[in-house]
Amino acid sequence: MTADSHALVVSEEHSPVAGLAHDARGGISNPILGMLLFITSEVMFFAGLFGAYFSARAQHTPWPPEEFAHTLNPLSLILVATVILVLSSVTCQMAVNAIRRDDRAGFLRNMSVTVILGVVFLLMQAYDYLLLADEGLTLAAGSFGTTYYTLTGFHGAHVFGGVLMLGVILYRGMAGQFSSRHHDAVEAASLYWHFVDVVWIVLFSVLYLL
Amino acid sequence: MATTTLHPAAATTYRSSLYEWLTTTDHKKIGILYIVNSLLFFFVGGILALVVRAELAAPGLQFLTDESIYNQAFTMHASVMLFLFVIPILAGFGNYAVPLMIGAPDMAFPRINAMSFWMLPLAGIILMSGFVLGGAAAAGWTSYPPLTEDRVLGSTGPGQDLWITGVILIGTSSILGAINFLVTIFKMRAPGMTLFRMPIMAWTVLVTSVLVLMATPVITSALIMLFIDRNLGGHFFDPSTGGNAVLYQNVFWFYSHPAVYVMVLPAMGIISEVLPVFSRKPLFGYKAFVFATAGIGALGFSVWAHHMFTTGAVFLPFFSLMTFLIAVPTGVKMFNWIFTLVRGQLTFSTPLLFALGFLSMFLIGGINGAFSASVPVDYAIHDTYWVVAHLHYVLFGGSAFGVFAGLYYWFPKMTGRMLDETLGKIQFVLMFIGFNLTFFPMHALGLQGMPRRIADYASGAGWNDLNMAATIGGFIIGISMLPFLWNVLVSLRSGAVAGDDPWEGNTLEWATTSPPPPYNFDRLPDIRSERPVFDQRHGHGAGGHK
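Right, let's walk through the structure included here.

## A short note on the overall build of chain A
Now for step 1: Within chain A one finds six helices and zero strands.
Now for step 2: Along its sequence from the N terminus, chain A presents helices and strands in the succession α-α-α-α-α-α.
Now for step 3: Relative to its full complement of 210 residues, chain A shows a buried share of 38%.
Now for step 4: The contacts in chain A between residues at least 6 apart in sequence include a share of 79% that link residues at least 24 apart.

## A few points about the overall build of chain B
Now for step 1: Looking only at helices and strands, chain B has 18 helices and zero strands in total.
Now for step 2: If one aligns the C-alpha atoms of chain B with their principal axes, the spans along those axes are about 70 × 50 × 45 Å.
Now for step 3: Within chain B, the proportion of its 546 residues that are buried is 59%.
Now for step 4: Within chain B, contacts between residues separated by at least 24 positions form 81% of all contacts whose residues are at least 6 apart in sequence.

## What about the packing of helix α7 (residues 200–231) of chain B against helix α10 (residues 286–299) of chain B?
All names here are of chain B.
Now for step 1: At a minimum axis separation of 10 Å, α7 and α10 run at an interaxial angle of 15 degrees. As judged from the angle between their axes, α7 and α10 are roughly parallel. Here α7 runs over α10; the crossing is right-handed. Mapping the contact onto sequence places I200, W203, T204, V207, V210 and L211 in α7 and F289, V290, T293, A294 and G297 in α10.
Now for step 2: For the contact of α7 with α10, the per-class residue count stands at eight nonpolar, three polar and no charged.

## Some thoughts on unusual backbone geometry
Now for step 1: Between A:T61 and the following residue, A:P62, the backbone shows a cis peptide bond with an omega angle of -10 degrees.
Now for step 2: Structurally, A:P62 is set in the loop between α2 (30–59) and α3 (77–100).
Now for step 3: Of note, the phi angle at B:R453 is positive, near 65 degrees, even though the residue is not glycine.
Now for step 4: When you line up the elements, B:R453 lands in the loop between α16 (421–447) and α17 (464–494).
Now for step 5: Classification of B:R453 as partly exposed rests on a count of 15 C-beta atoms within 10 Å.

## Describing the environment of B:N180
Residue and element names in this part refer to chain B.
Now for step 1: On the secondary structure map, N180 appears in helix α6 (residues 159–187).
Now for step 2: Of the residues examined, N180 has 28 C-beta atoms within 10 Å and is grouped as buried.
Now for step 3: On a C-alpha basis, the gap between N180 and T220 in space is 19 Å, while along the polypeptide they are 40 residues apart.
Now for step 4: Sequence-distant contacts of N180, defined by excluding residues within four places in its chain, comprise M107, A108, F109, I112, N113 and S116.

## Quick look at the environment of B:I126
Residues and elements named next belong to chain B.
Now for step 1: Structurally, I126 can be placed in helix α4 (residues 110–128).
Now for step 2: Separated by 110 residues in sequence, I126 and F236 have C-alpha atoms that sit 25 Å apart.
Now for step 3: Apart from the residues lying within four places of it in its own chain, the contact partners of I126 are L162, T165, G166 and L169.

## Brief notes about the nonpolar core
Residues and elements named next belong to chain B.
Now for step 1: Counting residues in each nonpolar core, the largest one holds 225 residues, and the members touching the most others are I102, A202, I271, V274, A355, F358 and A405.
Now for step 2: Of the residues forming this core, the biggest block, 22 residues, is contributed by helix α3 (residues 67–101).
Now for step 3: Not counting the four nearest positions on each side in its chain, A355 is found in contact with I271, V274, L275 and A405.

What counts as what
- Residues numbered from 1 in each chain as written.
- Chains lettered and ligands numbered in written order.
- Predicted model: local features only at pLDDT ≥ 70, side-chain atom pairs only at ≥ 80, totals over all residues.
- Helix = DSSP H or I, 4+ residues; strand = E, 2+ residues; numbered from the N terminus.
- Buried ≥ 20, exposed ≤ 12 C-beta atoms within 10 Å, placed from the backbone.
- Contact = placed C-beta atoms within 7 Å.
- Axes fitted to C-alpha atoms, helices over the stretch in contact; angles between N-to-C directions.
- Parallel < 35°, antiparallel > 145°, perpendicular 65-115°, else oblique.
- Left-handed = near helix turned anticlockwise from the far one by under 90°.
- Nonpolar A, V, L, I, M, F, W, Y, C, P; charged D, E, K, R; others polar.
- Core = buried A, V, L, I, M, F, W, Y, C linked by C-beta atoms within 7 Å.

Here it is, written out as structure tokens:
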């Protein structure tokens, strides 16, 4: 998607079809519209998983089951991880704002912090999984365990995907590929990262607080 | 920099090397790859259908020694036809035609477009590999648990897991394709090509893409949950361990009902291009057709549970009402098509014949579908051959006839050569007769209570003659593919040269060469209506309609 934005600019400015103007100028750019549509499909994917979660929750009382009544404690490591992920969204936006101003140093600094925070979140989630497994909460531990690990696991996979995406953005940024006039890829990747963050806030609220 | 000249000497474009085809990002070549790949799987699925029909020709087991082979055959027949033929070939027509029709040089994301395509043959191989790895998926294309969670009954080999993997891949390919179509349609239209001047084909692809975008991720989640249940000890669906089997059906059909519109809307788009061209009239009621298409798309999300009436776990009056309602926009379209034909100057070329085949067969499929929307009737005919008759009248009588209309219509544009009319008409007659001989008797079989998905039936049940008729019809459909294949082979070598606009078409693809140059157009006609090429040909400054 990122490279396509590049290709599009080239085709508009240098290609023999430049005379064939089309409505691509003005309005939302192709990569950003593409990312918004992709996020729409991701919302529906998580809607399917949440549907399964609420169906299981409605079917079983008590929820959580007695043996796991106090396993998912919001005032624990997971709260720290949540704060870290929310912070990473803030730094990600600071990186976007920086490149909009052509502040490349600020962009690289904030984007590096974002990637590091994403990795830290993943490590904390992995450690949390180990702690939960010690308490007997595994994927095979009834509907409660299955839904918990499926929802958080797929969210974690999306964080991993986001870290890769931002890593590529960081790498390209270090190569000097972005400027205030050319950073659609940064905007698109940051939208994805915010989406992943919002999914986690919903997940945390539903799994730990509700 | 912008001094490079265009080379519309397009005849050379398609004689390029294999490497060029494997690495292309040109939407026209990718569209053709989609179509060829889908036709290959159409023949695979057709052979599986003939295995099923041969087995059912008479009571008792004919040549299969083991019912599980039969289960694999009907499961894979449906999976291949739906996921590897109907959905991708319509995406292929969309890929080929939509950028041309809206005057764009290519799709918005050409490399993602290539990736969407190449996931399909890979997924097809994964799906089919079950046959050689100890047993393909055998629990029906719906893959309901707990049947799919029972390895002995569902599938003896890894087939079910391969099926899940393959279908998720195909779904991902569809989602990426849908994003590509939507961005292309919203952002890449030529100047003057307003949304309400787009060809109907582009509109149907737009609505289809919205359906794919919103529905396909949901089946991905369903299949991932099924995979977790099967392989990682999850408890989503198996009632014996606290799961909920009806949950799977809800999530599955939340995708799979909108998916039936994914499988038919672009075919409706194809015949909405063919009917006006061959009756020399604009489409009757363009805007009504567009709103009806959007209406079908919107209503399509509120009818999924009509597949689940007999579970007793869904709110029957709501889903029954919504299902009846969806007949309204469909009826509007029937009206559009018929009044496009009325008092037109009809030319009975092969594309029009297949479009008329679509019209008549889809009408039957719509009517027998409305029966099933009635809850008491559905209780009686659920899982009988009535349902098999219904779904084939809409999917084969509808979509597949639409696909062949599109093949005959755009083959000259794709290759620069015409397909032979006589062979085309022979194919149409054989296919039309074979189709009705196969599937019309299934209405009677269904009403008499013959269950679907069973390898055998009692000889005294009175179903013998109708089953034999259906089997004969099935083989006639198979034979009808021979003139088609021969036609393609001969016409590619020595068919009549098509010229730019052999049908006197309305839409922009007929304003460029056959086949078009890599970037499609070196100039575009003025676009002042939904028939810019018609306007140009007849010198209308500001198009006839609207």
